[in-house]
Amino acid sequence: MRIRATVAAVSGALALTALAVPAAQAVTDSGTPYTLNASFADLSIAKATKVGTTNEVSVAYSYTLTHGADVDIAAKDFVTDAFLYHGTYSDSSPELYGDDPATCTATSSTTATCKGNVTIYPADGDLQNAWAGSWSVAAEAIAFNGQDQQNPDMSKVGYKDQSGLATTLVQRYSKLTVDAGPEPVAKGKTLTVTGKLSRANWEDHQYHGYTGQPVQLQFRKAGSSTYTTVKTVTTDAYGNLKTTTTAAYDGYWRFSFAGTSTTPAVSATGDYVDVQ
């Protein structure tokens, strides 16, 4: 259950996020919330998050909350969190939240360190393929100040949000395979290497080939720990890879993809070929 419930303010310019109220309990307008004396800074979050087709993914964040002396962050009805949004910050932007508010630890009478998680459920339709890539991070806080959360006097409720605190990548999980043959192969003979680069489709919850992508064919000689790039191969219309090379030494062959903003880097597990 999401803990954010959007309550439209009377002014129509502000969407008040009642973090402590389930969506089913969203209330009708009853005034305009005042601007809470709070601000957010030093937000930290992972540079990138890989999201597949079904598994829940949790992204940790932390930030500094600065607030006025009149704001009681220890109150049971004070809540704050950070969340991701895609594109321009607005009420209609795609957004991703956590299942619980952030937990804050006071560091002074007017500052606190807050930590929480954004949770992504790809199987529930949280994401669309077009949203892969850069997301921005915002934070918010709300003080109900003892108001009945199902029927508050909104003029006595404080709310503050702040966008553009950080950026992160939300990427479509990638997979890469390799198969080199024949095995064994005579020294100096042709070796054929095939594979496939695929990535998560967040809309049909399957993996499909990633087309037109440069992928490096790499070789690691038996007894060595380092792969060397032999050539670059481009995936076809189905994400497939196929190339030939000359067999010279025993060792491991693999494909390696450098990644894009929408799709993370990935390397196939090396396929050992015995050269005779």
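Residues numbered from 1 in each chain as written. Predicted model: local features only at pLDDT ≥ 70, side-chain atom pairs only at ≥ 80, totals over all residues. Heavy atoms only, no water.

Colleague: Describe the overall build of the protein chain, listing the residues and the values that go with them.
Modeller: Secondary structure summary: the protein chain contains 0 helices and 21 strands in total. When the 276 residues of the protein chain are sorted by exposure, 45% land in the buried category. As displayed, the protein chain offers around 13100 Å² of accessible surface, 46% of which is attributable to carbon and sulfur atoms. (Helix = DSSP H or I, 4+ residues; strand = E, 2+ residues; numbered from the N terminus. Buried < 20%, exposed > 50% of the residue type's maximum accessible area, 1.4 Å probe, protein only. Areas by Shrake-Rupley, 256 points an atom, 1.4 Å probe, with all protein chains shown as cover.)

Colleague: Account for the packing of aromatic side chains, with residues named and values stated.
Modeller: Per the counting criterion, the structure on display carries 9 aromatic pairs. Ring plane angle 35° and centroid distance 6.4 Å describe the contact between Phe 83 and Tyr 89, whose orientation is recorded as tilted. The exposure class of Tyr 89 is partly exposed, given its relative accessible area of 28%. Note on Tyr 210 and Phe 257: the rings are 5.9 Å apart at their centroids and 80° apart in plane angle, and the pair reads as edge-to-face. Pair noted here: Tyr 210 is in the loop between β15 (206–209) and β16 (214–221) and Phe 257 is in strand β19 (residues 251–257), with a separation of 47 residues, a long-range link. Here a set of aromatic residues connected by ring pairs shows up, and it is made of Phe 83, Tyr 85, Tyr 89 and Tyr 97. Looking at Lys 221, its charged tip hangs above the ring of Tyr 249, at a distance of 4.2 Å from the centre. (Phe/Tyr/Trp six-rings, centres within 6.5 Å; stacked < 30°, edge-to-face > 60°. Lys NZ or Arg CZ within 6 Å of the ring centre and 35° of its normal.)

Colleague: Let's hear about the nonpolar core: which residues, and what values?
Modeller: Formed by 34 residues in total, the largest nonpolar core has its most connected members in Leu 43, Ile 45, Tyr 63, Leu 84, Ile 120, Leu 127 and Val 170. Looking at this core, the elements that each hand over two or more residues are β4 (38–45), β6 (57–67), β7 (78–85), β10 (111–120), β11 (133–143) and β12 (158–172). Those residues in contact with Ile 45 that lie beyond four places of it in its chain are Val 59, Ala 60, Tyr 61, Leu 84, Val 137, Ala 166, Thr 167 and Thr 168. (Core = buried A, V, L, I, M, F, W, Y, C linked by side-chain atoms within 4.5 Å. Contact = heavy atoms within 4.5 Å.)

Without other data, these values stay purely geometric and don't point to any function.
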